[in-house]
Amino acid sequence: MKELYDVQQLLKKFGIFVYVGKRLWDIELMALEIDHLHEADVIDNHTFIAAKLVLSREHKFEETKEKNRN
């Protein structure tokens with residue numbers, strides 16, 4: 001798992017589609033959904049960690065991008 005798209009495809013397998021309208025919020029909601037799937041033992045630790053790393057990286061990127069705009 002390398003891209004945000006990969007995380008979206010993982011969530012899609014479970015019928016979870018995330019679109020809030022702001023990319024940063026989408027990433028935060030995806031992280032919550034990944035947490036819930038892991039708590040329910042639907043995804044394994046490796047998949048969980050890989051998804052969280054991608055989401056963390058994307059979240060930091062979006063925050064930096066937003067700071068640079070202001």
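Residues numbered from 1 in each chain as written. Predicted model: local features only at pLDDT ≥ 70, side-chain atom pairs only at ≥ 80, totals over all residues. Heavy atoms only, no water.

## What about the environment of Leu11?
Consideration 1: Within the element layout of this structure, Leu11 appears in helix α1 (residues 4-13).
Consideration 2: Separated by 22 residues in sequence, Leu11 and Glu33 place their C-alpha atoms 7.8 Å apart.
Consideration 3: Sequence-distant contacts of Leu11, that is, excluding residues within four places in its chain, are made with Ile16, Val18, Met30, Glu33, Ile34 and Leu37. (Helix = DSSP H or I, 4+ residues; strand = E, 2+ residues; numbered from the N terminus. Contact = heavy atoms within 4.5 Å.)

## Structural notes on the packing of α1 against helix α2 (residues 23-39)
Consideration 1: Axis separation between α1 and α2 bottoms out at 11 Å; the angle between their running directions is 50°. One way to sum up the angle between α1 and α2 is to call them oblique. Judged by the twist between their axes, the crossing of α1 over α2 is left-handed. Along the contact surface, α1 presents Leu4, Val7, Gln8, Leu10 and Leu11, while α2 presents Arg23, Ile27, Met30, Glu33, Ile34 and Leu37.
Consideration 2: For the contact of α1 with α2, the per-class residue count stands at eight nonpolar, one polar and two charged. (Axes fitted to C-alpha atoms, helices over the stretch in contact; angles between N-to-C directions. Parallel < 35°, antiparallel > 145°, perpendicular 65-115°, else oblique. Left-handed = near helix turned anticlockwise from the far one by under 90°. Nonpolar A, V, L, I, M, F, W, Y, C, P; charged D, E, K, R; others polar.)

## Side note on the side chain of Glu58
Consideration 1: Inspection of the secondary structure puts Glu58 in helix α3 (residues 45-69).
Consideration 2: Beyond its immediate sequence surroundings of up to four residues, Glu58 is in contact with Leu4, Arg23 and Ile27.

## Overview of α3
Note on helix geometry: an α-helix contains 3.6 residues per turn, so any two residues three or four positions apart are oriented the same way.
Consideration 1: Look at α3: 36 Å from first C-alpha to last across 25 residues, which is about the 36 Å you get at 1.5 Å a residue.
Consideration 2: For α3, the set of buried residues is Thr47, Phe48, Ala50, Ala51, Val54, Leu55, Glu58, His59 and Glu62.
Consideration 3: Buried residues in α3 make contact with α1 and α2. (Expected span 1.5 Å × (residues − 1). Buried < 20%, exposed > 50% of the residue type's maximum accessible area, 1.4 Å probe, protein only.)

## So, the packing of α2 against α3
Consideration 1: Between α2 and α3, the least distance of the axes is 9 Å, while the angle of their chain directions is 165°. Classified by the interaxial angle, the pair formed by α2 and α3 is roughly antiparallel. With respect to the hand of their crossing, α2 and α3 are arranged in left-handed fashion. Touching Arg23, Leu24, Ile27, Glu28, Met30, Ala31, Ile34, Asp35 and His38 of α2 are Asn45, Phe48, Ala51, Lys52, Leu55, Glu58, His59, Glu62, Glu63 and Glu66, all from α3.
Consideration 2: Its residues assigned to classes, the contact of α2 with α3 comprises eight nonpolar, three polar and eight charged.

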